[in-house]
Amino acid sequence: MAGAVSAGAYTAGVIDYLLETLEKWQKAKDKNHALGPDHPDYDKSVPMHDVQIDVVGGSSAGGMTAAIMALGLFEGIKPINEANPDKSHNKLYDSWVNLNDHVGVPTLEQMLGSTDIERLGEVQSLLNSDPIDAIADRAMDLSGINPLPKYISPNLQVILTITSLRGVPISVNFFDKQKTVQSRDGITFEDKKEQPAHRMYVHKGIARFMVNPTPEKRSDHIVGFDPNLEPHRQLLMDCAKATGAFPLGLRARRLKNIHLKYIKDMVYQMFIGSKADEEQVKNTIDITADDDPFDFVAVDGGTINNEPFGEVIRALEENSVDEQYAIIMIDPFPNFANDKSRTYKQPSTLLDIIPSLFSAIRSQAMVKDQDMLQGLAGNHTRRMIFPKRTDDPYPIACGSLDGFGGFFSKKFRETDFELGRYNCQRFLRKHLNVALNEKGSVKIFDDWSEGDDCHNRFFIPDETGETTGYYPIIPDLGIQNMASSQYYEPYLEDSVKPKIKPSQIFRLDTLMRNRFKAVLDGAFKFNTSPTDKYSPEVHTDVNRLMEGFYNKAEQPKGSTTFLFKIGMWAWQNFVSRLIARRMAKMAIKTILLDFRERNLLEL
């Protein structure tokens, strides 16, 4: 599940319909198993193969959705359909659509408040992240804990990406570990500090949880998860908040009491392509971190790893007995292979090069060369679910403002949740399938043949003529006869994208001004200085040199002049207020422009 900010509402909708379909299918199979194949009520049109979700993984909003989904499965997730008019008992919907609105103040207005700065005494993010904490705390609280459904692995794994601002120090050795030179005139490698190495820091982090791992599945790079234990649920949600900590916009998260063994093994797994590589990798790379526990501050996992399919593939291959698996990516902001919209413009000026440089660094960090060489090179089913609405270049409302648009209207989130269900239904019925000419390599269709009840009900004709047709991997029991377009449950309706009134945007002006001023005042207090890495002796020598050249003694550190006090007073009472007003006006215009471009603005 890819990063999405507020468009996590779309991802939640996809998961909601997927779980609903699996649950209906499981109940039909359970009924058949109870009756037996010779019973007259045995439904031969119900496929009896099993599909099990072994791993869910995600980054940013996708990672938060994966964690909330895992917790919700233990409590039970009631799908959002006609049978649930109150839209209750569904952690996915509650967390992504309701957000924290239940307190009587819209979540966005809470995020523009300054209670966090007042409580913490410092500015930690542009937006108030307290509502995010409240949503996470609510998701962590389980009203009951039930066994996982049969279509979920009893050892379900949850993988979340994290960007560590501390980084894990590693060294690539440029010496032979087994060799020690015993020469009076030669170079010795006895003192490790003098051993040559190339030192780097790994900032990409993976939080990998497994539900109740069996002894043979335990490993230093896997965190055991028991839903009955509150500390386990707390750690999962702490990591979920970390992967969703949008850089600068939302509060960075401190992760504490992380065992050094986990950190080291996590990093080694990034470089180990196969079991045969393990010894070579550990001989070549030294992880030189010493602190245990290894605490660090983390931000959005999507900063450098927004689609962690490689980590999901490795988890599948590490623990899968059966090599037949499918990888499904849910991406609210997909790219397309034939997209020609990005054209190269050669930068020339400094102002051109600066954004191009940062774009190049991030784009290169996103390249998954090892993932493409390993799991993606295999002959496994790979599919993507992405937003699609009839004749609309901007299918999701929450996609506005680079994913922050959903915070402006609950209707945006509701519509995108419904769109996720709508797209997932079509995906399961038409796209998550296996071509008949390939079914011999897929064991689950061994007992399917032309003319039997399963074939007659679920066979998907190929209108392009490229194949003889398809069979669905996950059958949607709302289908009566796919070939003739007959349904017990018709296709969901394509929801109408809502619009927002300009007055709803303008009313945020005062809140924005106050938040921006609080951020500016808190960030520039003029009473904090960066950590000084230089010794007093170094400062004395440099000050003497400066005085000799400029014929003026350096002002003693920490002294405050009358003019400086005047400047501070002017900043706090006039300058920051004027800047905040200007920032709010610019923000309002940017919001209006983007909403108008995406046809979300009611004129």
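Residues numbered from 1 in each chain as written. Predicted model: local features only at pLDDT ≥ 70, side-chain atom pairs only at ≥ 80, totals over all residues. Heavy atoms only, no water.

Caption draft 1: Representation of the overall build of the protein in the model. On a plain count of helices and strands, the protein comes out with 18 helices and 13 strands. Buried positions account for 46% of the 603 residues belonging to the protein. Here the contacts in the protein between residues at least 6 apart in sequence split such that 79% fall between residues at least 24 apart. Accessible surface for the protein amounts to roughly 33,100 Å². Of this, 54% is attributable to carbon and sulfur atoms. (Helix = DSSP H or I, 4+ residues; strand = E, 2+ residues; numbered from the N terminus. Buried < 20%, exposed > 50% of the residue type's maximum accessible area, 1.4 Å probe, protein only. Contact = heavy atoms within 4.5 Å. Areas by Shrake-Rupley, 256 points an atom, 1.4 Å probe, with all protein chains shown as cover.)

Caption draft 2: The arrangement of the pattern of salt bridges in detail. Within the structure shown, the criterion is met by 29 salt bridges. Where Lys 24 meets Glu 489, a salt bridge forms, and the shortest distance between an N and an O atom there is 2.9 Å. Residue Lys 24 is found in helix α1 (residues 8-35), and its partner Glu 489 is found in the loop between β13 (486-487) and α15 (502-506); the two are separated by 465 residues along the sequence. Taking relative accessible area as the criterion, Lys 24 reaches 32% and is therefore assigned partly exposed. The salt bridge involving Asp 133 is made with Arg 251; its shortest N-O contact spans 2.9 Å. Pair noted here: Asp 133 is in helix α6 (residues 130-140) and Arg 251 is in the loop between α7 (230-243) and β5 (253-255), with a separation of 118 residues, a long-range link. Grouping residues by exposure puts Asp 133 and Arg 251 together as buried. Connected through salt bridges with shared partners, the residues Arg 119, Asp 130, Asp 133, Asp 238, Lys 241, Arg 251 and Arg 253 form a single ionic network. (Salt bridge = Lys/Arg side-chain N within 4 Å of Asp/Glu carboxyl O.)

Caption draft 3: Fine view of the packing of α1 against helix α13 (residues 410-431). Two elements in contact, α1 and α13, have axes separated by 7 Å at closest approach and are oriented at 45°. Regarding the angle of α1 to α13, the classification is oblique. By crossing handedness, the relation of α1 to α13 is classed as right-handed. The segment α1 lies against α13, with Ala 9, Tyr 10, Ala 12, Gly 13, Val 14, Asp 16, Tyr 17, Leu 18, Glu 20 and Thr 21 engaging Arg 413, Asp 416, Phe 417, Leu 419, Gly 420, Arg 421, Asn 423, Cys 424, Gln 425, Leu 428 and Arg 429. (Axes fitted to C-alpha atoms, helices over the stretch in contact; angles between N-to-C directions. Parallel < 35°, antiparallel > 145°, perpendicular 65-115°, else oblique. Left-handed = near helix turned anticlockwise from the far one by under 90°.)

Caption draft 4: Representation of the pairing of strand β3 (residues 197-211) in the model. The pairing of strand β2 (residues 152-173) with β3 spans 13 bridges and is classified as antiparallel. Opposite Val 168, over in β3, you have Val 202 as the bridge partner. (Pairing = 2+ DSSP bridges.)

Caption draft 5: Representation of the nonpolar core within the structure. If you look at the biggest cluster of nonpolar residues, it comprises 139 residues, and the most contacted ones within it are Met 69, Leu 156, Val 158, Met 237, Phe 408, Met 512 and Phe 595. By residue number, the principal contributor to this core is α1, which donates eleven residues. Not counting the four nearest positions on each side in its chain, Met 237 is found in contact with Ala 67, Ile 68, Leu 71, Ala 136, Ala 139 and Met 140. (Core = buried A, V, L, I, M, F, W, Y, C linked by side-chain atoms within 4.5 Å.)

Caption draft 6: Quick look at the environment of Val 267. Relative to the elements of secondary structure, Val 267 occurs in helix α8 (residues 260-271). Val 267 sits in the buried class, given a relative accessible area of 1%. Considering only alpha carbons, one finds Val 267 and Val 168, 99 residues apart in sequence, at a separation of 8.0 Å. Apart from the residues within four sequence positions on either side, Val 267 is in contact with Val 168, Ile 170, Val 202 and Ile 287.

Caption draft 7: Representation of the side chain of Asn 100 in the model. Position of Asn 100 among the secondary structure elements: in the loop between α3 (91-98) and α4 (107-111). The exposure class assigned to Asn 100 is buried, which follows from its relative accessible area of 5%. There is a polar contact of 3.2 Å between the side chain of Asn 100 and the side chain of Arg 138. In this structure Asn 100 touches Val 105, Thr 107, Gln 110, Pro 131, Ala 134, Ile 135 and Arg 138, once residues within four positions along its chain are discounted. (Polar contact = N/O pair within 3.5 Å; in protein donor to acceptor, adjacent residues only side chain to side chain.)

Caption draft 8: A look at helix α17 (residues 536-550). Along its 15 residues, α17 runs 21 Å from first to last C-alpha, staying within 8% of the 21 Å computed at 1.5 Å per residue. Just beyond α17, the residue with positive phi is Asn 551, at close to 55°. (Expected span 1.5 Å × (residues − 1).)

Caption draft 9: Spatial organisation of the packing of aromatic side chains. Inspection of every chain in the model, using the stated rule, returns 13 aromatic pairs. Geometrically, the ring pair formed by Phe 404 and Phe 407 is tilted, given 5.9 Å between the ring centres and 45° between the ring planes. A relative accessible area of 16% means that Phe 404 is categorised as buried. Three or more aromatic residues joined by ring pairs form one cluster here, namely Phe 74, Phe 209 and Phe 225. Looking at Arg 166, its charged tip hangs above the ring of Phe 294, at a distance of 3.9 Å from the centre. Over the aromatic face of Tyr 491 sits the side chain of Arg 429, whose NZ or CZ is 4.8 Å from the ring centroid. (Phe/Tyr/Trp six-rings, centres within 6.5 Å; stacked < 30°, edge-to-face > 60°. Lys NZ or Arg CZ within 6 Å of the ring centre and 35° of its normal.)

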